[in-house]
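Listed below are the residues making up each chain.
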Amino acid sequence: MADFTNEIKKRRTFAIISHPDAGKTTLTEKFLLYGGAINQAGSVKGKATAKHAVSDWMEIEKERGISVTSSVLQFQYDGYCINILDTPGHQDFSEDTYRTLMAADSAVMVIDGSKGVEAQTRKLFKVCVMRHIPIFTFINKMDREAMDTFELLDDIEKELGIATCPINWPIGSGKEFRGVFDRNSRELEIFSDTKKGTSIGEVEKVSIDSEEAKSIVSEAQFAQLEEEIELLDGASAEFDQEMVSKGELSPVFFGSALTNFGVETFLQHFLKMTTSPLPRMSDKGLIDPMKEEDFSAFVFKIQANMNKAHRDRIAFMRICSGEFKAGMDVFHIQGGRKVRLSQPQQMMASERHMIDIAYGGDIIGVFDPGIFSIGDTLTNSAEKFAYEGIPTFAPEHFARVRQVDTMKRKQFIKGINEIAQEGAIQIFQEFNTGMEEIIVGVVGVLQFDVLKYRLENEYNVEIRLEPLPYEHIRWIENEEINMDKLVGTSDMKKIKDLKDRPLLLFVNSWSIRMVLERNEGLKLSEFGRS
Ligand code: GDP
C-alpha cells in the first residue's frame, strides 16, 4: 500500500451541528486557536465582516452579510489533520446544510446548557442518525445559568433517541460554575474566566480526593457533586467505544466556549474517540480508504456563479480514498470521461487558498465547467465504481412560481431547471397537469430569494412567488400505489416530481399519520432519491 495511508489515518473530518447561537462559531474559533491556525480568538467571527471574507461571491451574500453556503476549515493539532465542516444556520439554512453532513465522518453537537435540544439541532441530528456516524455532545455556556444536568441529558435522550455518556460532569453553573469533574481521572478541572478565552492558557487540575479540591468548591457543592456522581455511576450508560462508533451512544462534555473552558479537554477526547476516514458504500460494495489506493471522491455541493462574468461554478468534493494532486486527470463516472481537476482550493479560516495535494478525508473545491452534479463520483481506480447517491432532503417551504413576462417561458424553464440541477431548489408539478404550474420547494427560505435573484440576473426572467401553506413533504416509497384511490386529508396536496413520481404535501404533521392509517400498505419517506 502506498505511503499515504498514514496521511489518511491522521485525518478527522467532522461537522459541527447546533441551533443558531448555541456557540458553534465560538467553539470552532477556539479549536483553531489550539491548532495555531489563528493567533487570537476573534479572527473568525465578527460575523458580518469575517463571514464576508469567506464567501464574497454572491451579491446576495454581500447585501445581507451572511454566507449562503457552508465552508470547510482545515488545521493540525497534536499530530491530527482536522477538517471541520461548517453547517450554516439562521436564514441561510438550506439543503446544502444537510448535504454537508454526507461528507462528514462524525458530528459534534453543540447545545446551549440553558436551552437543551433546539429545533435545528433536531433536524440535523436526523441526518447523522440516518448515516450511523458517531455523534459527540458539547454542552456549552456553563458559565451561564444552565438547566439541571440530569434534565439536560434526559432531554437529549428523549428528544433525539440516543443514549448519552457524560465523560465529565459540571460543578454548578452560572455564577456558581466551578469547573468540571473528569470521571475517568477523577480530577476537577478548575474554571477561571480571567482571560475571557482569548488565549490557550493553563487549566488547573486537582484530584477530587485532595484537600485543595475542598477549598475550591464549597461544601454544599462538594456534597452535591458526590451525590450526583454516585447517581450517575449507577444510572448512566457506561462508555462503550463500539456503540460510540455506531452512533448509538453520545459522549457528553461540558464547558464554556466563550471563556475557553473545557474546549481542549473536549478536543483531545474527541479526537481519540472519533474515527479516521470511514469506508463508503458504492455500487461495487464498500470502498475502504485503507485498502483502496487510487483516488476517489464524490461531489456533495456545487457553488454556482462565484464569478458572475464567467458563470463558473465550484464543485466541492469529499475525497474518499487515495491522493489528490492539483491538475490531475480523473475519470468522471457519470460523465463517462476523463476530466482535469483544476484550480483546487481549500478554506483556511477566512480565506480560500490553492492547494497542491490532498488525501482521503479532505474536502476540496474544484473548478466546474458545468459538468458535475451533486452525488457524482470521480475516481482513478481501474475497476470503475460509483458512490451511493446523496438523498434529496425534505423541503419545508413551498411556493408557486410564475414568470411575469409570459413570453419568456423558455428562459424561465431553462433557468429554473438549471438551478434545480445544482440542488439549490427542488421543483414539482401539479399532479394532474403539466409544466404550466411549477411548485418550488426549499429547505431554507433564503433559497427563494436566491432563486428570484438568479433568474433575474442570469436568465433575465422576472418571477412572482406565491407562498403555499405546506410544510411537510413525503415521498411515496411504494410507487405502484394507485394515487386516485388514495384517501387523503383536507390539508393534503398531491404533486409529482419531474420524473413523474408522486409526492404528498401536508400543512400539518399529524395529517401524515392519519393518511398512513387510512391507506393500508402506504409507505412514506422523508428522504427522496435523486
Ligand atoms: P453560533 O450561532 O452557534 O455560531 O453561536 P456563536 O458562536 O456566534 O455564539 C452566539 C453568542 O453566544 C455569542 O454572543 C457568543 O459570544 C455567545 N457565547 C458562545 N459561547 C458562550 C459561552 O460559553 N458562554 C457565554 N456566556 N456565551 C457564549
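As the structure is a prediction and not an experimental result, all values here were calculated from the model.

Thoughts on the overall build of the protein
At step 1: Each helix and strand in the protein was counted, giving 14 helices and 33 strands.
At step 2: Scored against the burial criterion, the 530 residues of the protein give a buried share of 44%.

Description of the pairing of strand S31 (residues 502-506)
At step 1: Burial within S31 is extensive, with 4 of its 5 residues counted as buried.
At step 2: Across 4 bridges, strand S29 (residues 472-476) lies against S31 in antiparallel orientation. Following the sheet pairing, His472 is matched in S31 by Phe506.
At step 3: In the sheet, strand S30 (residues 492-497) pairs with S31 via 5 bridges, with the strands oriented antiparallel. Each residue of the ladder has a partner; that of Lys493, found in S31, is Leu505.
At step 4: Turn length for the S30-S31 hairpin, with the two strands adjacent in sequence and antiparallel, is 4 residues, and the turn residue Asp500 shows positive phi of about 65°.

Here's the deal with the sheet that holds strand S6 (residues 163-166)
At step 1: Here we have 7 strands laid out as an open sheet, ordered S2-S3-S1-S4-S5-S11-S6, and mixed in their pairing. The open sheet has two edge strands with one neighbour each: strand S2 (72-77) and S6. Going from strand to strand, the sheet's axes swing by 30° on average, the running direction of each strand aside.
At step 2: Pairing between strand S4 (residues 106-112) and strand S5 (residues 135-140): 6 bridges, direction parallel. For Asp112, the partnering residue across the bridge sits in S5 and is Asn140.
At step 3: The strands touched by helix H7 (residues 149-160) are S5, S6 and strand S11 (249-254); relative to S6, the strand with the most contacts, the crossing angle is about 150°.

Quick notes on the UniProt feature "coiled-coil region" (unreviewed entry) in the protein
At step 1: On the UniProt side, "coiled-coil region" (unreviewed entry) is annotated at positions that read residues 208-242 here.
At step 2: In this annotation, residues 208-242 is assigned 71% helix and 0% strand; the end-to-end C-alpha distance for the span is 29 Å.

Remarks on the domain arrangement of the protein
At step 1: Split by domain assignment, the protein resolves into domain 1 (16-67 + 105-273), domain 2 (280-379) and domain 3 (397-525).
At step 2: Just the C-alpha atoms count here: the centres of domain 2 and domain 3 sit 30 Å apart.

Focus: the packing of helix H12 (residues 409-421) against helix H13 (residues 446-459)
At step 1: Relative orientation of the contacting elements H12 and H13 amounts to 125°, with a least axis distance of 10 Å. With respect to H13, the axis of H12 lies oblique. Crossing geometry of H12 relative to H13 is assigned as right-handed. Within the contact between the two elements, H12 uses Gln411, Lys414, Gly415, Ile416 and Ile419 and H13 uses Leu451, Arg454, Leu455, Glu458 and Tyr459.
At step 2: Classifying every residue of the contact of H12 with H13 by side-chain character gives 5 nonpolar, 2 polar and 3 charged.

Section: the nonpolar core
At step 1: Within the largest apolar cluster, 121 residues are counted, with the highest numbers of intra-cluster contacts made by Ala107 and Met317.
At step 2: Those residues in contact with Met317, other than ones at most four positions away along the chain, are Ala297, Phe298, Val299, Phe300, Ile364, Val366 and Leu378.

Some details on the confidence of the model for the protein
At step 1: Here the protein shows a mean pLDDT of 86. Residues at 70 or above account for 87%.
At step 2: When the elements of the protein are averaged for pLDDT, helix H3 (residues 47-54) gives the smallest value, 36, and S5 the largest, 98.
At step 3: Within the model, pLDDT remains below 50 along residues 39-70, and this stretch shows 67 contacts once partners closer than five positions in the same chain are excluded.
At step 4: Per the prediction output, this complex has pTM 0.87; the corresponding ipTM is 0.99.

Side note on the sheet that holds strand S7 (residues 168-171)
At step 1: Taking strand neighbours across the sheet as the criterion, the 4 strands line up as S7-S8-S9-S10 in an open arrangement whose pairing is antiparallel. The two strands at the open ends of the sheet, each matched to only one other strand, are S7 and strand S10 (204-207). Each strand axis lies, on average, 25° off the axis of its neighbour in the sheet, ignoring direction.
At step 2: With 4 bridges joining them, strand S9 (residues 187-190) and S10 adopt antiparallel strand pairing. For Glu189, the partnering residue across the bridge sits in S10 and is Lys205.
At step 3: Contacts from helix H9 (residues 219-235) reach S7 and strand S8 (179-182) within the one sheet, and its direction differs from that of S7 by about 150°.

Examining unusual backbone geometry
At step 1: Phi is positive for His132, which is not a glycine, with a value near 55°.
At step 2: With respect to the secondary-structure elements, His132 resides in the loop between helix H6 (119-131) and S5.

Details of H9
At step 1: In this model H9 runs 24 Å from its N-terminal to its C-terminal C-alpha over 17 residues, within 8% of the 24 Å that 1.5 Å per residue would give.
At step 2: Of all the 17 residues making up H9, 1 are buried; the element is thus mostly uncovered.

With respect to the environment of Asp143
At step 1: Mapped onto the elements, Asp143 comes out in the loop between S5 and H7.
At step 2: Taking the C-alpha atoms as reference points, Asp143 and Trp169, separated by 26 residues in sequence, lie 14 Å from one another.

Looking at the environment of Ile363
At step 1: Here Ile363 lies in strand S22 (residues 363-368).
At step 2: Residue classification places Ile363 among the buried positions, given that 25 C-beta atoms sit within 10 Å.
At step 3: In this view, Ile363 contacts Val72, Asn83, Leu85, Ala103, Phe316 and Arg318; residues no more than four positions away in its chain are not counted.

Conventions adopted
- Sequence order sets the numbering: in each chain, residues are counted from 1 along the sequence as written.
- In keeping with the model being predicted, local features are shown solely for residues with a pLDDT of at least 70 and side-chain atom pairs are shown and tallied solely at 80 or more, while totals for entire chains, interfaces and linings include all residues.
- Under the scheme used here, helices are H or I runs from DSSP no shorter than 4 residues and strands are E runs no shorter than 2 residues, and both carry numbers assigned from the N terminus.
- The exposure label follows from counting other C-beta atoms within 10 Å of a residue's C-beta, where the C-beta atoms are placed from the backbone and the thresholds are 20 or more for buried and 12 or fewer for exposed, leaving partly exposed in between.
- Strands pair, by our definition, only if DSSP identifies at least two bridges between them.
- Lines fitted to the C-alpha atoms define the axes, with helices restricted to the stretch that makes contact. Angles between their N-to-C directions range from 0 to 180 degrees.
- Working definition of a contact: two residues with C-beta atoms, positioned from the backbone, lying within 7 Å.
- UniProt positions are given in the numbering used here, feature names are shortened, and annotations may be inferred rather than shown by experiment.
- Domain limits in this description derive from either an automatic procedure or a database domain assignment.
- What sets the label is the angle itself: under 35 degrees gives roughly parallel, over 145 gives roughly antiparallel, 65 to 115 gives roughly perpendicular, and the rest give oblique.
- Whether a crossing is left-handed or right-handed is set by the direction in which the near helix is turned from the far one by less than a right angle, anticlockwise for left-handed and clockwise for right-handed.
- For this scheme, ten residues count as nonpolar: Ala, Val, Leu, Ile, Met, Phe, Trp, Tyr, Cys and Pro. Four count as charged, namely Asp, Glu, Lys and Arg, and the remainder, Gly too, count as polar.
- Only buried residues count toward a nonpolar core: Ala, Val, Leu, Ile, Met, Phe, Trp, Tyr and Cys, linked into one set through C-beta atoms within 7 Å.
- Values of pLDDT, ranging from 0 to 100, describe the predictor's confidence in every residue of the model.
- Here, expected helix span is obtained from the residue count minus one, scaled by 1.5 Å.

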